[in-house]
Amino acid sequence: MIISVEEAYKLYTEEDVIFADCRFNLQDSQWGMEQYQHRHIPNAVYFDLEKDLSGEVKSTGGRHPLPSLDTFTARLAERGINRDTTVVVYCQNRAFSSRMYWLLKFIGHPNVYLMNGGIQDWMETGYSVTKSNPIQSKSQYGDYQIQEHLVADMPYVKQHKEEERVVLIDSRSYERYLGKHEPIDHKAGHIPGAVNSDWTKILDENQLLKAKDNLKEYFMNYQDANEIIVYCGSGVTAAPNVVALWRAGFRNVRLYVGSFSDWISYEENEIETL
């Protein structure tokens, strides 16, 4: 569920809540932890995109593959989170918190919320921040239930992307989708058959996720789809598009975690440019 800063604060005052601070900078991997150490929301623990929310990079699987779920749940327990904990996730731009939100949904965590705002919004509302971290670790997370219907791998994408009423969404910028500009991956273009929905278009002028009705309008071309598969460069900025699709009322949505960086790691896979 997406909640406002005010709703997150209300949760914090009424029940046992742990905030997951997921701030990260793809150009400076230390930035997020430094920001957390400088100040964070009370009862917040830090999760690093590359150390906690991603697994080991291999020859295939993309630049930010899924972490081992046993390792991920152990990291949750280390930070005081078990299956019964209410978790509120936040970051600076909705991208990294969406990755965490999706991961918690993927393991079937019962009570998880995405705060539609960052620490700046929290402070501007008048709420306090801290440098301390009083959270006590748990012995273990508990059982988790993988939600297979939320994820797609390369063979799944290859098998289903041409099916009628299956929509494959490329969440990157239009220039990267076209293949005219590729600053990261060694090939440029997109997966054949994909349509482009730049993930930044789901945010308003304040960098907040748009309202449900606005998102319904943005995604209206996909309303007849039986299934939507979403990807980006490495599976990170596709996550906010997945969250936005959920908010707009779509349910059969899968995240291709490996995304374009995984797709092009298989030499036989074709790409398209425009």
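Here, the structure is the one placed above.
Keep in mind it's a predicted model, so treat the numbers as computed, not measured. (Residues numbered from 1 in each chain as written. Predicted model: local features only at pLDDT ≥ 70, side-chain atom pairs only at ≥ 80, totals over all residues. Heavy atoms only, no water.)

This part takes up the nonpolar core. In terms of nonpolar packing, the biggest core is built from 72 residues, with Phe19, Met100 and Trp102 touching the most fellow members. Sorting elements by how many residues they give to this core places helix H4 (residues 95-106) first, with eight residues. Beyond its immediate stretch of four places on either side in the chain, Met100 contacts Ala20, Cys22, Phe47, Leu53, Phe72, Leu76 and Val89. One finds Ala152, Met154, Leu178 and Tyr231 within the second-largest nonpolar core, a separate group that totals 16 residues. (Core = buried A, V, L, I, M, F, W, Y, C linked by side-chain atoms within 4.5 Å. Buried < 20%, exposed > 50% of the residue type's maximum accessible area, 1.4 Å probe, protein only. Helix = DSSP H or I, 4+ residues; strand = E, 2+ residues; numbered from the N terminus. Contact = heavy atoms within 4.5 Å.)

A few words now on the packing of helix H3 (residues 69-78) against H4. Two quantities define a packed helix pair, namely the angle between the axes and the distance from one axis to the other. It is the contact of H3 with H4, at a shortest axis distance of 12 Å, that shows an interaxial angle of 110°. Taken together, the axis directions place H3 and H4 in an arrangement best described as roughly perpendicular. Taken together, the residues of H4 that come into contact with H3 (itself represented by Leu69, Phe72 and Leu76) are Met100, Leu103, Leu104 and Phe106. Considering only residue class, the contact of H3 with H4 consists of seven nonpolar, no polar and no charged. (Axes fitted to C-alpha atoms, helices over the stretch in contact; angles between N-to-C directions. Parallel < 35°, antiparallel > 145°, perpendicular 65-115°, else oblique. Nonpolar A, V, L, I, M, F, W, Y, C, P; charged D, E, K, R; others polar.)

Right, let's get into the packing of H4 against helix H9 (residues 238-247). Direction vectors running N to C along H4 and H9 enclose 65°, while the axes themselves pass 8 Å from each other. The angle between H4 and H9 falls in the class roughly perpendicular. In the packing of H4 onto H9, the handedness of the crossing is left-handed. Residue-level inspection shows Ala95, Ser98, Arg99, Tyr101, Trp102 and Lys105 of H4 in contact with H9, the latter providing Ala239, Pro240, Val242, Val243 and Trp246. (Left-handed = near helix turned anticlockwise from the far one by under 90°.)

Turning next to the sheet that holds strand S7 (residues 166-170). Strands sit in the order S6-S10-S9-S7-S8 across an open sheet of five strands; the sheet is parallel. A single partner strand is all that each edge strand has here, and the edge strands are strand S6 (151-152) and strand S8 (195-196). Across two bridges, S6 lies against strand S10 (residues 253-256) in parallel orientation. Bridge pairing in S10 links Val151 to Leu255. (Pairing = 2+ DSSP bridges.)

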